[in-house]
Amino acid sequence: MSLRKKDRLVDAALRLFTRHGYRTTGIEAVLAEAGVAKMTLYNHFGSKEALILAALEKRDEEHIAWLTAETEARAAAPEDGLLALFDALDAWFAGKDFCGCPFLKASGEFDDHDDPVHRAALAHKGRLLALIRTLAEAAGAPDPGRIAGEVYMLVEGATVVAQLTDDRSTAARAKQAAEVLLAAG
C-alpha cells in the first residue's frame, strides 16, 4: 500500500464528500473514484469516519495555507489584509469546483457537538478565526478580537450564501460591508 494510494483515497473522498455529502457518499463510490481496493481503505483508515477525518484534516491544512498565501499576495500592505481576504474568497467562489464549504457541510451532517467529525469542522473554523485575528492585529485594529469576530461572520455569511444560492458575488458584497465595518473602527 503506497502513500500514493492513500493520498488518492483521501483526495477522492474529499471531492465526493464535498460534492455529494458525507453520509450519502458510499465507500464503493470513493474506492471507484480513487481506483483502489477496499483493503486499501481499511489498511489505512479502518473506517469511513476515519477517512472523513483524514479528508477534513487535509482540506483544513490546504485551505488555511491557500487562504493565507492568497491574502498575503493580494494585500499591498498589512492593513490591507482583512479586505484582501475577501478577494481570496472571491477567487475561491468563482472556481469551477466550488460547491461550498466542506466544514459547514460536515458540521451539518454530524451535528452532535461531541462527534469527532463535528469537532474537526469546528477546529477548522477556529483556525480560520485565528487567521482573521492575525490579519486584524497586523492591520493595527484597535480591538482585533472584536474586529476578527465581525469579519469572521461576514466571511462565513458570504460562504453560506454562495453555497446555498450559487451566487458567486457574495464575497465582493461582504467586502463592501467589511469596508464599512473597518471605517467605523
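As shown above, the structure is provided for reference.
Cut-offs used in this document
- Position numbers for residues start from 1 in each chain and track the written sequence from start to end.
- With pLDDT at 70 or above as the cut-off, local features in this predicted model cover only qualifying residues; side-chain atom pairs require 80 or more to be listed or tallied, and sums for whole chains, interfaces and linings still use all residues.
- Hydrogens and water molecules were not included; the side-chain quantities draw on all heavy atoms of the structure.
- Note on ring pairs: Phe, Tyr and Trp rings are taken, using the six-membered ring of Trp, and paired if centres are within 6.5 Å. Classes follow the plane angle, with under 30 degrees stacked, over 60 edge-to-face and the rest tilted.
- Only protein chains enter the accessibility calculation, which uses a 1.4 Å probe; a residue is then buried when its area is under 20% of its type maximum, exposed when over 50%, and partly exposed in between.
- Between N-to-C directions, angles span 0 to 180 degrees; the directions come from axes that are lines fitted to C-alpha atoms, helices contributing only their stretch in contact.
- The way it works is that DSSP assigns letters per residue, a run of H or I at least four long becomes a helix, a run of E at least two long becomes a strand, and they are numbered from the N terminus.
- Oblique is the label for any angle not under 35 degrees, not over 145, and not in the 65 to 115 range, which are roughly parallel, roughly antiparallel and roughly perpendicular in turn.
- Left-handed describes a crossing whose near helix is turned anticlockwise from the far helix through less than a right angle; right-handed describes the clockwise counterpart.
- In this description, contact between two residues means that some pair of their heavy atoms is separated by no more than 4.5 Å.
- Throughout this entry, Asp, Glu, Lys and Arg are counted as charged residues, while Ala, Val, Leu, Ile, Met, Phe, Trp, Tyr, Cys and Pro are counted as nonpolar. The remaining residues, Gly among them, count as polar.

Draft legend 1. Here's a closer look at the packing of aromatic side chains. Within the structure shown, the criterion is met by five aromatic pairs. Here the aromatic rings of tryptophan 92 and phenylalanine 98 are separated by 5.0 Å at their centres, their planes lie at 90 degrees, and the arrangement is edge-to-face. Overall, tryptophan 92 belongs to the buried group, its relative accessible area being 14%. Here phenylalanine 98 falls in the buried class, since its relative accessible area comes to 7%.

Draft legend 2. Region of the structure containing the packing of helix α5 (residues 81-94) against helix α8 (residues 144-165). Direction vectors running N to C along α5 and α8 enclose 15 degrees, while the axes themselves pass 11 Å from each other. In terms of axis orientation, α5 runs roughly parallel to α8. The two elements α5 and α8 meet at a crossing, and its hand is right-handed. Contacts between α5 and α8 involve Leu82, Leu85, Phe86, Leu89, Trp92 and Phe93 from the first element and Ile147, Val151, Leu154, Val155, Ala158, Thr159 and Ala162 from the second. For the contact of α5 with α8, the class distribution of residues is twelve nonpolar, one polar and no charged.

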